[in-house]
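Structure assessment
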There are 2 protein chains.
Amino acid sequence: MKAGNPSSKRKPQAVRPPGRPAGRTLRDGVLADRETLLTAAERLIREAGTGVSLEAIATEAGVTKPILYRGVGDRHALVYALAERLAQRMAVEVERDVAAASSTEDALRRLVAGYLQHARAERNLYLYVTAGVTGDGQLEQSLLLADRTAQQFAAGIAAFRSTHGADPEVATVWSFGLVGALHYVTLWWLREETADQAVVTEHLTDLLWSGMKLEPAGGPKAD
Amino acid sequence: MKAGNPSSKRKPQAVRPPGRPAGRTLRDGVLADRETLLTAAERLIREAGTGVSLEAIATEAGVTKPILYRGVGDRHALVYALAERLAQRMAVEVERDVAAASSTEDALRRLVAGYLQHARAERNLYLYVTAGVTGDGQLEQSLLLADRTAQQFAAGIAAFRSTHGADPEVATVWSFGLVGALHYVTLWWLREETADQAVVTEHLTDLLWSGMKLEPAGGPKAD
DNA sequence: ATTTTTAATTACTCATGGTAGATTCGGTGG
DNA sequence: CCACCGAATCTACCATGAGTAATTAAAAAT
């Protein structure tokens, strides 16, 4: 049509292949919704590891970078969104297991086991999300998954401890401590392929439950 | 040894005079030893934050990038070296406090308090070192400081628990759990400027000592 | 049918990690 | 004494990736 005359083009040096049209093609932003983009990101990270670029993610989603940016924001926002989704899924699955617990200690054990299990199942995604971002928002980033997870614990712990007269801030501290312990043991466990999950679960549960107390009520059961 | 003479710091100019030299000038790799480079890196990170580039670090040290690479290796190696130094310093200071403890629980409390204290004093450096590196060596990186710190705990815990017949792997798991809890609570505390260090210390100590046990020996002491 | 608006692609800028090639200095042999 | 060679260093470059403009085509409006 009218675009056949490039004489007034301002970029004469940029020659693009004749068969490759620039600009708007089909696919009118219909399947570029946030959910689709995030799902594609998860898919690629799962199979290609944590080193994927935003461009690669966009390509995986069948879109280009600006579309990805419009849909989910910058890298920080992407990691945040993925963290929320992963935390949500983990929470649902873990809570289902925890619901069947026979005691509070058993609930903790199921929580630990479920966390380890899910982290390994989603290894790459878990690492991608917890890796954080080096830079300014780093502090925020590191606490991203922790915040999300800790909120859930906080409510439980607060309720759990409310009958004992503890001040509410203890719930927050304990939540982050719990998440940190879980996370670091998980990282170690993901690295050490040899350690048995059941044993690790038992030890970590033991730590969190009875602490370093010299004389636990029932004696140390880890052996 | 470190007859450091940083007063004669030399900044590379962007433009060089016509007959004037690229290539070798004076300074025959004498003050570009590893220690000097690492110290300069620490200095810059402390004052400029965690977002400093390797080029900036090299400039701070009065050298150029290749010299920095020859001295300490790539970014990964730099972070690793800084982590070791920081962990070493923290360990020394904390252990001095712990040595004066009146009981095992008091030792743990002093450990927690010292960790928090030092982390805040070295805030930027602590964040830089614990941030890790996104990419392939990510898992290694995340566990960097943890490894270093956990080894020290492991020995103590192993000895501590050996009289109770626990298997040795429990020491490792507990170490990483302990470090993870410390780290995440520290991150949270560094973000929340409001929380009082003494209170946080008490809560975290409480968690690690008596765990989530329903009935701690003396009731909750967080008041 | 022509113009305007919208939305997508391309292509760029900028910053940074890492490296190679150019360049000079200091010693050593002729 | 002079030239050359090895060693060490600086400049300049490459590669990659985040983020954003400039460009272009399709769809809606007139």
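Note: the structure precedes this text.
Quick caveat: nothing in here was measured; it's all calculated off a predicted structure.

1. Thoughts on helix α4 (residues 75-99) of chain A
- In this model α4 of chain A runs 36 Å from its N-terminal to its C-terminal C-alpha over 25 residues, within 8% of the 36 Å that 1.5 Å per residue would give.
- Residues Leu-78, Val-79, Ala-81, Leu-82, Ala-83, Arg-85, Leu-86, Ala-87, Met-90, Ala-91 and Val-94 of chain A constitute the buried set of α4 of chain A.

2. A closer look at the pattern of salt bridges
Residue and element names in this part refer to chain A.
- The tally for this structure, following the rule as stated, stands at 26 salt bridges over all chains.
- The closest approach of N and O atoms between Arg-110 and Asp-106, which form a salt bridge, is 2.9 Å. In this pair, Arg-110 and Asp-106 both sit in helix α5 (residues 104-121), 4 residues apart, roughly one turn of the helix.
- Using a relative accessible area of 14% as the deciding quantity, one classes Asp-106 as buried.

3. A short note on the packing of helix α1 (residues 34-48) of chain B against helix α4 (residues 75-99) of chain B
Residues and elements named next belong to chain B.
- As a packed pair, α1 and α4 sit with axes 11 Å apart at the nearest point and diverge in direction by 80°. It follows that α1 is roughly perpendicular to α4 by the angle criterion. Side by side, α1 and α4 meet where Arg-34, Glu-35, Leu-38, Thr-39, Ala-41, Glu-42, Ile-45 and Arg-46 of the first sit next to Leu-78, Ala-81, Leu-82, Arg-85 and Arg-89 of the second.
- Within the contact of α1 with α4, the residues separate by chemical class into 6 nonpolar, 1 polar and 6 charged.

4. A word on the environment of Trp-209 of chain B
Residue and element names in this part refer to chain B.
- By the secondary structure assignment, Trp-209 is in helix α10 (residues 197-210).
- Judged by relative accessible area, which is 9%, Trp-209 ranks as buried.
- Along the backbone, Trp-209 and Leu-108 are 101 residues apart, and their C-alpha atoms lie at a distance of 7.9 Å.

5. Focus: the environment of Gly-177 of chain A
- Structurally, the position occupied by Gly-177 of chain A is in helix α9 (residues 169-191).
- Along the backbone, Gly-177 of chain A and Leu-208 of chain A are 31 residues apart, and their C-alpha atoms lie at a distance of 9.4 Å.
- Apart from residues no more than four positions distant in its own chain, Gly-177 of chain A is found in contact with Ala-181, Val-185 and Leu-207 of chain B.

6. Some remarks on the packing of aromatic side chains
- The full count for this structure, using the stated rule, is 5 aromatic pairs over all chains.
- Between Trp-188 of chain A and Phe-176 of chain B, the ring centres sit 6.0 Å apart and the planes meet at 25°, which makes this aromatic pair stacked. Of this pair, Trp-188 of chain A sits in helix α9 while Phe-176 of chain B sits in helix α9 (residues 169-191), each in a different chain. Like Trp-188 of chain A, the residue Phe-176 of chain B is buried in the burial classification.
- Consider the rings of Tyr-115 of chain B and Tyr-126 of chain B, whose centres lie 5.9 Å apart with planes at 90°: the pair is edge-to-face. One end of the pair, Tyr-115 of chain B, is in helix α5 (residues 104-121); the other, Tyr-126 of chain B, is in helix α6 (residues 123-131), and 11 residues separate them in sequence.

Reading the values: the criteria
- Residues numbered from 1 in each chain as written.
- Chains lettered and ligands numbered in written order.
- Predicted model: local features only at pLDDT ≥ 70, side-chain atom pairs only at ≥ 80, totals over all residues.
- Heavy atoms only, no water.
- Helix = DSSP H or I, 4+ residues; strand = E, 2+ residues; numbered from the N terminus.
- Expected span 1.5 Å × (residues − 1).
- Buried < 20%, exposed > 50% of the residue type's maximum accessible area, 1.4 Å probe, protein only.
- Salt bridge = Lys/Arg side-chain N within 4 Å of Asp/Glu carboxyl O.
- Axes fitted to C-alpha atoms, helices over the stretch in contact; angles between N-to-C directions.
- Parallel < 35°, antiparallel > 145°, perpendicular 65-115°, else oblique.
- Contact = heavy atoms within 4.5 Å.
- Nonpolar A, V, L, I, M, F, W, Y, C, P; charged D, E, K, R; others polar.
- Phe/Tyr/Trp six-rings, centres within 6.5 Å; stacked < 30°, edge-to-face > 60°.

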